[in-house]
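One letter stands for each residue in the lines below.
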Amino acid sequence: MTVADPAPKAITSGLDPRFAPTLYARVGRPDSWTLDAYLQSGGYTAVRRAFSLGNDAVIDEVKKSGLRGRGGAGFATGLKWSFMPLNDGRPHYIVCNADESEPGSFKDRYLLSEDPHQLIEGMIIAGFAMRASVGYIYIRGEYVLAAQRVQAAIEEARRTGLLGRDVLGSGFDFQLHVHRGAGAYICGEETALMNSLEGLRANPRLKPPFPAAAGLYGLPTTINNVETFCAATQILRYGWAWHAGMGTEKSRGMKLFQISGPVARPGVYELPLGTTFRELIHDWAGGPTEPVKAIIPGGSSCPMMPFSDRILDTPMDYESVAAAGSMLGTGGVTLVPTADCIVNATWNLVRFYGHESCGKCTPCREGISGWMTRMYEKLVRGGGQPGDVELILDMSDNIGGKSFCALADACLGPVLSSVRLFREEYDALANTGRPLYPARKRWRDE
Ligand SMILES: NC(=O)c1ccc[n+]([C@@H]2O[C@H](COP(=O)([O-])OP(=O)(O)OC[C@H]3O[C@@H](n4cnc5c(N)ncnc54)[C@H](O)[C@@H]3O)[C@@H](O)[C@H]2O)c1
Ligand SMILES: Cc1cc2nc3c(=O)[nH]c(=O)nc-3n(C[C@H](O)[C@H](O)[C@H](O)COP(=O)(O)O)c2cc1C
Ligand code: SF4
């Protein structure tokens, strides 16, 4: 754990005036993290509505809203909630995945530190719907401020009858606990996260069984991302039709897009799914500050795409970005400058994944942490040889689809796409030992 959590001064919440303020409505406002501020803006009305609807109707409401998981994979949230068994007499758990460690993703930290009650309300609603009386919020270790604010908000909620026995006189008992991570990316993978919560080493578990069948302590569990629970609060507040009325046919609602790299106004922008890359980059983030050659659309595990007119006009929804050859992921858009060595930039990601490999399976431990990391290091240090690029492709072929969890494949996203798009930069290093562009300074080099 190395990086302390700074106060969120630099964020830009791009609330679109055409839509009612939603997920980031309170971010940046004075004392936004306190119960008083939350109540003044209509907080905890959604949970009262949920209680009046009843458990199954809440799940139905989320299903009809079209909400899909905002942790990256986009799995239908209401459907996932409906997998939890009914009245089986066993304890059920819900878990909030607040581990947010994907390079390029930084939306959840501000939901946590600036608006913890919105998350708590979403988790009470989810716990009620899925008959869970205990919830855990697993927070990335580096998010110090976020953990403090969430903990303080839980205590406020307990003191005022929003958590604990008989929440708001509904007869529903619900407790929430914060668990802080200790700086491992793999703890964001939901089954590794459950092992970590149980005090075990954070290795992923086999799926299936999915968590609803056998989750935390082997009991029915549902894990959702921070933004997903917060969106559930808004859906219960404004109704499923309001949410389903935004976005595209299969990707409904608003999304927190993040943009980093050489743009005038990097930050978090709350926009409807289906907004184009061009609108985000040019209209909201003020446009690139230097020539750009690639877009990483949704966090570092998503394949790079060229910075072309076709891609700029692609709507940012799950289907359109997949059709364009990548993934929407977390909506964390990163721009890669033209004058940066793509091999060095990719090496930065490869060594991140190599460092974060949990070591459980051979293709990832030996392939990513070992061969791939050494191969990139050799290339960027000027030791490249003819045939190295073919070797990278061959290694990728032996790793892809053969690892225990998605981490190894995530590393291959930037590797294979950068070779495909910028082969000449790889060939230059392999054949001459010299890059076509000088490498930018990376924080890992400092
Ligand atoms: N937010 C971050 O910081 C971060 C970091 C790394 C990766 N990611 C994202 O993680 C994603 C991969 O996550 P994953 O490996 O959990 O994806 P996944 O597709 O295995 O699962 C996504 C969710 O849907 C559920 N699910 C999927 N199929 C199911 C089924 N048949 N029955 C019941 N439930 C089912 C899973 O339990 C899980 O909750 C990537 O797309 C990436 O964008 C996010
Ligand atoms: C290596 C790895 C790391 C992950 N890290 C996160 C994370 O930090 N936050 C998150 O919400 N999901 C993360 N995920 C995805 C989770 O496994 C899971 O899909 C998600 O929490 C489900 O929530 P959702 O349905 O609300 O998206 C990660 C997946 C993998 C493979
Ligand atoms: S792919 Fe990597 S992180 Fe996932 S189980 Fe295998 S070694 Fe661990």
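What counts and how
Residues numbered from 1 in each chain as written. Chains lettered and ligands numbered in written order. Predicted model: local features only at pLDDT ≥ 70, side-chain atom pairs only at ≥ 80, totals over all residues. Heavy atoms only, no water. UniProt positions renumbered as here; feature names shortened; annotations may be inferred. Axes fitted to C-alpha atoms, helices over the stretch in contact; angles between N-to-C directions. Helix = DSSP H or I, 4+ residues; strand = E, 2+ residues; numbered from the N terminus. Parallel < 35°, antiparallel > 145°, perpendicular 65-115°, else oblique. Left-handed = near helix turned anticlockwise from the far one by under 90°. Contact = heavy atoms within 4.5 Å. Nonpolar A, V, L, I, M, F, W, Y, C, P; charged D, E, K, R; others polar. Pairing = 2+ DSSP bridges. 1 Å grid on protein atoms, 1.4 Å probe; cavity = no way out; pocket = protein on both sides within 12 Å on 5 of 7 lines; lining within 4 Å. Points joined across faces, edges and corners; volume = space filled by probe spheres on them. Near = heavy atom within 4 Å. Polar contact = N/O pair within 3.5 Å; in protein donor to acceptor, adjacent residues only side chain to side chain. Areas by Shrake-Rupley, 256 points an atom, 1.4 Å probe, with all protein chains shown as cover. Disulfide = S-S within 2.5 Å. Buried < 20%, exposed > 50% of the residue type's maximum accessible area, 1.4 Å probe, protein only.

An unreviewed UniProt entry lists the protein chain under the name NADH-quinone oxidoreductase subunit F, with Deinococcus aquiradiocola given as the organism. Turning to the protein chain, the UniProt annotation filed under Function (unreviewed entry) states: "NDH-1 shuttles electrons from NADH, via FMN and iron-sulfur (Fe-S) centers, to quinones in the respiratory chain."

Draft legend 1. Quick peek at the packing of helix α6 (residues 116–129) against helix α7 (residues 144–159). In the contact formed by α6 and α7, the axes pass within 9 Å of each other and the chain directions differ by 60°. Classed by the angle they form, the pair α6 and α7 counts as oblique. Every pair of crossing elements has a handedness; the one defined by α6 and α7 is right-handed. Counting all contacts with α6, which are made through Pro116, His117 and Ile120, the residues of α7 involved are Arg149, Val150, Ala153, Ile154, Glu156 and Ala157. A breakdown of the residues in the contact of α6 with α7 according to their chemical character gives six nonpolar, one polar and two charged.

Draft legend 2. Up close: the sheet that holds strand β3 (residues 175–180). Read from one edge to the other, the open sheet built from four strands follows the order β3-β2-β1-β4, with strand pairing classed as parallel. For this open sheet the edge positions go to β3 and β4 (221–225), each flanked by a neighbour on one side alone. On average, adjacent strands in this sheet sit at an angle of 20° to one another, irrespective of strand direction. Where strand β1 (residues 93–98) meets β4, five bridges bridge the pair, whose relative direction is parallel. Counted as the bridge partner of Ile94 is Thr222 from β4.

Draft legend 3. Region of interest: empty space enclosed by the protein. Counted by the stated rule, this structure contains two cavities of 30 Å³ or more. In this model, the largest cavity occupies a volume close to 90 Å³. Lining of the largest cavity is provided by 14 residues; of these, Cys358, Lys360, Cys361, Cys364 and Cys405 occupy positions nearest its centre. Put simply, the parts of the chain that give the lining of the largest cavity at least two residues each are α15 (362–380) and α17 (406–421). Looking at side-chain class alone, the lining of the largest cavity contains nine nonpolar, three polar and two charged residues. Taken as a whole, the second largest cavity encloses approximately 60 Å³ of empty space. Lining the second largest cavity, in full, are Thr22, Leu23, Arg70, Ala231, Gln234, Trp242, His243, Met246, Met254 and Glu270. Looking at the lining of the second largest cavity, the elements that each hand over two or more residues are α9 (226–238) and α10 (240–244). Tallied by class, the residues present in the lining of the second largest cavity amount to five nonpolar, three polar and two charged.

Draft legend 4. Focus on the site of ligand 2. Lining the immediate surroundings of ligand 2 are 17 residues, of which Gly71, Lys80, Asn224, Asn225 and Thr228 lie closest. Between ligand 2 and Arg70 there is a distance of 3.4 Å, counted from an oxygen atom to a backbone nitrogen or oxygen. A distance of 2.7 Å separates an oxygen atom of ligand 2 from a polar atom in the side chain of Thr228. Relative to its unbound accessible surface of 620 Å², ligand 2 loses 87% to contact with the protein. Residues belonging to the shell around ligand 2 are distributed by class as follows: three nonpolar, eight polar and six charged.

Draft legend 5. Region of interest: the sheet that holds strand β7 (residues 292–296). The five strands are arranged β6-β5-β9-β7-β8 in an open sheet whose pairing can be described as mixed. The open sheet has two edge strands with one neighbour each: β6 (267–272) and β8 (305–306). Pairing of strand β5 (residues 254–260) with strand β9 (residues 332–337), which is carried by three bridges, proceeds in the parallel orientation. If you follow Ile259 over to β9, its bridge partner there is Val333. Packing against the sheet, helix α11 (residues 277–284) makes contact with β5, β6, β7, β8 and β9, and its axis sits at approximately 130° to β6.

Draft legend 6. Representation of the side chain of Arg140. Within the secondary structure, Arg140 is located in the loop between β2 (134–139) and α7. From its side chain, Arg140 meets the backbone oxygen of Glu100 in a polar contact 2.9 Å long.

Draft legend 7. Seen up close, the state of the cysteines. Scanning all chains against the criterion turns up zero disulfides. Between Cys187, a cysteine without a disulfide, and Cys358, which holds the nearest cysteine sulfur, the sulfur-to-sulfur distance is 9.6 Å. According to the relative accessible area criterion, Cys187 is buried, its value standing at 6%. The thiol of Cys411 is not disulfide-bonded; the next cysteine sulfur, from Cys364, is found 7.9 Å away. Taking the relative accessible area as the measure of exposure, Cys411 reaches 1% and is therefore buried.

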